[in-house]
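In case you want the letters, here they are:
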Amino acid sequence: MCISSGSITVKQNERWHSDGVVYPKPAWLREELLSKLARWAVENRKSEFKSTLSLVSILRYSRLYQELKEKYRDMVKVWPEVTDPEKFVYEDVAIATYLLILWEDERAEKGVTTKQSFVDLGCGNGLLVHILSSEGHPGRGIDVRRRKIWDLYGPQTQLEEGSIIPSDKTLFPGVDWLIGNHSDELTPWIPVIAARSSYTCRFFVLPCCFFDFVGRYHRRQSRKTQYREYLDFVLEVGLSCGFHMQEDCLRIPSTKRVCLIGKSRTYLPSSEIWMDEQRTRYLHSRQGHSQCPPGEGHMPSAPQAAAHDIGPQDSHETCDAGAECMPDTLAAEGGVAPASGLWMPGFCPREKAERVRNCAALPRDFIDQVVLQVANLLLDGKNLTTGSSEDGSLKTWNEGGSLSLAEVAAELSPETLQRLKRECGGLQTLLRNNHQVFEVLNGQVHIRDWRQELQREKPPEAKRSLPAEVFKTRICWFFTHHPDGCVLPAALCPFAHGPEELRLSQTSKKQKQAP
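Rules used in this analysis
- Going along each chain's sequence as written, the residues are numbered from 1 onward.
- With pLDDT at 70 or above as the cut-off, local features in this predicted model cover only qualifying residues; side-chain atom pairs require 80 or more to be listed or tallied, and sums for whole chains, interfaces and linings still use all residues.
- Note that the side-chain values use all heavy atoms of the structure and ignore hydrogens as well as water.
- Helix and strand assignments follow DSSP, with helices taken as H or I runs no shorter than four residues and strands as E runs no shorter than two, numbered in order from the N terminus.
- Residue burial is assigned from relative accessible area. The probe radius is 1.4 Å, only protein chains are included, and a residue is buried under 20% of its type maximum, exposed over 50%, and partly exposed in between.
- Method for areas: the Shrake-Rupley scheme with a 1.4 Å probe, in which residue coverage is limited to the protein chains shown.
- When DSSP finds two or more bridges between two strands, those strands count as paired.
- Here, residues are in contact when the closest pair of their heavy atoms is within 4.5 Å.
- Axis definition: a line fit to C-alpha positions, over the contact stretch in the case of helices; interaxial angles, taken between N-to-C directions, run 0 to 180 degrees.
- Roughly parallel means an angle under 35 degrees; roughly antiparallel means over 145; roughly perpendicular covers 65 to 115; every other angle is labelled oblique.
- Left-handed is the label given to a crossing in which the near helix is rotated counterclockwise from the far helix by less than a right angle, and right-handed is the label when the rotation is clockwise.
- Amino acids outside the nonpolar list (Ala, Val, Leu, Ile, Met, Phe, Trp, Tyr, Cys, Pro) and the charged list (Asp, Glu, Lys, Arg) are all regarded as polar, and Gly is one of them.
- Working definition: a disulfide is two cysteine sulfur atoms within 2.5 Å of each other.
- The criterion is simple. A nonpolar core is a set of buried Ala, Val, Leu, Ile, Met, Phe, Trp, Tyr and Cys residues joined through side-chain atoms within 4.5 Å.
- For every residue, the predictor assigns a confidence score, pLDDT, that lies between 0 and 100.
- Each pair of aromatic rings taken from Phe, Tyr and Trp, with Trp reduced to its six-membered ring, is defined by centres within 6.5 Å and is described as stacked if the planes are under 30 degrees apart, edge-to-face if over 60, and tilted in the remaining cases.
- Cation placement over rings: the criterion is NZ of Lys or CZ of Arg within 6 Å of the ring centroid and within 35° of the ring normal.
- The rule is simple: put a 1 Å grid over the protein atoms alone, call a set of points where a 1.4 Å probe fits but cannot get out a cavity, call an open set with protein on both sides within 12 Å along at least five of seven lines a pocket, and count a residue as lining if it has an atom within 4 Å of a point.
- Grid points are joined across faces, edges and corners, and a volume is the space filled by probe spheres set on the points.

J.: Describe the overall build of the protein, and please don't skip the residues or the numbers.
T.: From N to C terminus, the protein includes 19 helices and 14 strands. When each of the 515 residues of the protein is scored for burial, the buried share is 46%. On the protein, roughly 26200 Å² of surface is accessible, and the fraction owed to carbon and sulfur atoms is 53%.

Here you go:
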């Protein structure tokens, strides 16, 4: 990598494998590093979060991460899910690395050699379960929906399909650790389930989406970021359940990388009945909490305050309530707690059938209308450059200006924005999905310049953006809609300049050949 004249040149090395965790992506180095360095150099504010990997040895972490990355990197090649394989594989390798070192330290502290058992609640693709099991820790994962990749792991990786309804039937008395890795609606419940499973049960959660005990979590303090406030809520839950709470930042390619850990209790085993009464009171205090006016959030009770004082310094749709769906093994595990039956009415697990909410279900004419409207906004900020015409001569080409997502949103009607918002990612998702036309970088929207796309060096594992089978299978948006046409001659453009250049996609061919 060379830095000169306000720009970065990234030289590819065949041995360089960019995982986005330890080794940054070349695109990030080239397009984002300088601006971040400039901002970091002048920033003078205290972070809301702990420093990265503050609870484990960074040296041991780095060594083990490299070993596991080499061991499990082939998962990227066989990944059958629609999600980004590099992000999910290397993120789960990083989380597994952290847990393995945390657990190794715990065994050393206790003077034991038996490896900890675990259950991953809401295990998703199951890769974390697969890695931990392969490294010798007995455990299993449970998720409401089976994934295609489960079939690739083999019988040693135990994965079960079923819902978790927080109740006396979802206790794990013989398990050392409960894991919640982006566990969504189960996240605040995991400290409760761990506390009631047994006095020795511990937990690790990596919160992502903001859920309360029932439904979405509603923020109450504008002085904090929503993420920080939600982390404090989960910390409060852990403290209320009688855990000494710890917080750390993981080294993963995600903006939500703060984990919360409950390793030990703030009370003696003889006080378990009294402590569970406090948990029950706390849960009752949270019922209907999402309807509380802003500023009238729950204040920790005396037992919670005491728990905080004696903890370490790093603490900080309607469904039938009786309709329980869970694996047979969960019911068999049993467990007795003073609270009876369901712990809170109204809890609803995720639906088994995942709803597609990536703007792909929107009508094509609606998408085309928004794309054209945003493109015209950008083209109004004229920025003329020189391109090649079809006959090889030079011509001027308007690459447009740059607008922030907020500025673009301000130009769209409230009805359009609301319709996009219902599709999860909203405006940004739609723009990213229309990769041919737009580039969204650091919250700024630009018209994509395909001359730069063709010039960019790409690492071997990333050369799948436009494989041969999709070449010329779609009409070039610029050829049809841009006032100056496409900046590339037809021979170089990966999209068709007119119907006569269109090729039938492999998917269409298979559909036509099918009986």
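J.: Describe the sheet that holds strand 13 (residues 438–441), with residues and values.
T.: One open sheet accounts for three strands, arranged 12-14-13; its pairing is antiparallel. Only two strands of the sheet have a single partner each, and these edge strands are strand 12 (403–404) and strand 13. In the sheet, strand 12 pairs with strand 14 (residues 444–447) via two bridges, with the strands oriented antiparallel. Each residue of the ladder has a partner; that of S404, found in strand 14, is Q444. Across the sheet, helix 13 (residues 364–380) lies against strand 12, strand 13 and strand 14, angled at about 90° from strand 14, the strand it touches most.

J.: Could you give an account of the packing of helix 8 (residues 189–197) against helix 10 (residues 272–286), with specific residues and numbers?
T.: Put simply, helix 8 and helix 10 touch, their axes get as near as 11 Å, and they point 160° apart. Compared by their axis directions, helix 8 and helix 10 come out roughly antiparallel. Regarding helix 8 and helix 10, the two cross each other, and that crossing is left-handed. Packed against helix 8, whose contacting residues are W189, V192, A195 and R196, the element helix 10 presents E272, D276, R279, T280 and L283 at the interface. Looking at side-chain class alone, the contact of helix 8 with helix 10 contains four nonpolar, one polar and four charged residues.

J.: Kindly report on the state of the cysteines, identifying the contributing residues and their values.
T.: This structure, assessed with the given rule, holds zero disulfides. Not part of a disulfide, C259 finds its nearest cysteine sulfur in C249, a span of 7.8 Å.

J.: Please set out the nonpolar core residue by residue, giving values where relevant.
T.: One finds L121, L178, W189 and F213 to be the most contacted residues of the largest nonpolar core, which totals 42 residues. Every element with two or more residues in this core is listed here: strand 3 (118–121), helix 8, strand 7 (202–206), helix 9 (226–240), strand 8 (243–249), strand 9 (258–265) and helix 10. In this structure, F213 is in contact with P188, W189, V192, F233, V237, Y282, L283, R286, M344 and F347, ignoring residues within four places of it in sequence. Membership of the second largest hydrophobic core comes to 41 residues, among which are A94, W103, V129 and C259.

J.: Any chance you could break down the sheet that holds strand 3 for me, citing the residues and the numbers?
T.: Spatially, seven strands are ordered 5-4-3-6-7-9-8 in an open sheet, and the strand pairing comes out mixed. Edge positions in the open sheet fall to strand 5 (158–161) and strand 8, since each of these has one partner strand only. Shown here is a sheet whose adjacent strand axes are inclined to one another by a mean of 20°, direction ignored. Of the strand pairs in this sheet, strand 8 and strand 9 are connected by seven bridges, and their pairing is antiparallel.

J.: Lay out the confidence of the model for the protein in plain terms, naming residues and giving numbers.
T.: Of the residues in the protein, 73% have a pLDDT of 70 or more, and the chain-wide mean is 80. Predicted confidence is poor over residues 290–339, with pLDDT under 50, and the contacts of this stretch with residues over four places away or in other chains come to 92 contacts. The low-confidence segment residues 457–467 (pLDDT under 50) makes 14 contacts with residues lying over four places distant or belonging to another chain.

J.: An account of the packing of aromatic side chains is requested, with residue identities and associated values reported.
T.: Summed over all chains, the structure comprises 20 aromatic pairs. Relative to F204, the ring of Y98 lies with its centre 6.3 Å away and its plane at 45°, an arrangement referred to as tilted. With a gap of 106 residues between them, Y98 in helix 5 (residues 85–110) and F204 in strand 7 connect regions that are remote in the sequence. Note on accessibility: Y98 and F204 belong to one class, buried. Between W189 and F213, the ring centres sit 4.8 Å apart and the planes meet at 70°, which makes this aromatic pair edge-to-face. Within this pair, whereas W189 is found in helix 8, its partner F213 is found in the loop between strand 7 and helix 9, the two being separated by 24 residues in sequence. As far as burial versus exposure is concerned, W189 and F213 are alike and both buried. Among the aromatic side chains, those forming a connected cluster through ring pairs are W189, F210, F213, Y217, Y227, Y230, F233, Y282, W343 and F347. It is R419 that lies over the ring of F366; its NZ or CZ is 4.3 Å from the centre.

J.: Before we move on, could you go through the packing of helix 3 (residues 58–72) against helix 5 and cite the residues and values that matter?
T.: At a minimum axis separation of 9 Å, helix 3 and helix 5 run at an interaxial angle of 135°. In this view, helix 3 runs oblique relative to helix 5, as classed from their interaxial angle. The element helix 3 and its partner helix 5 pack so that their crossing is right-handed. Taking contact as the criterion, the partners of R60, Y61, L64, Y65, L68, K69 and Y72 in helix 3 are, on helix 5, V89, Y90, V93, A94, T97, Y98, L100, I101, E104 and D105. Counted by class, the contact of helix 3 with helix 5 contains twelve nonpolar, one polar and four charged residues.

J.: Describe the pairing of strand 8, with residues and values.
T.: Of all seven residues in strand 8, seven are buried, a share of seventy percent or more. By the alternation rule, side chains of strand 8 split into F243, M245, E247 and C249 and H244, Q246 and D248, which are all buried.

J.: Can you break down empty space enclosed by the protein residue by residue, with the values?
T.: Here the largest cavity defines a volume of roughly 80 Å³. As for the largest cavity, its lining consists of L121, G122, I142, D143, V144, G162, S163, I164, E185, L186, P349 and R350. The residue makeup of the lining of the largest cavity, split by class, is six nonpolar, three polar and three charged.

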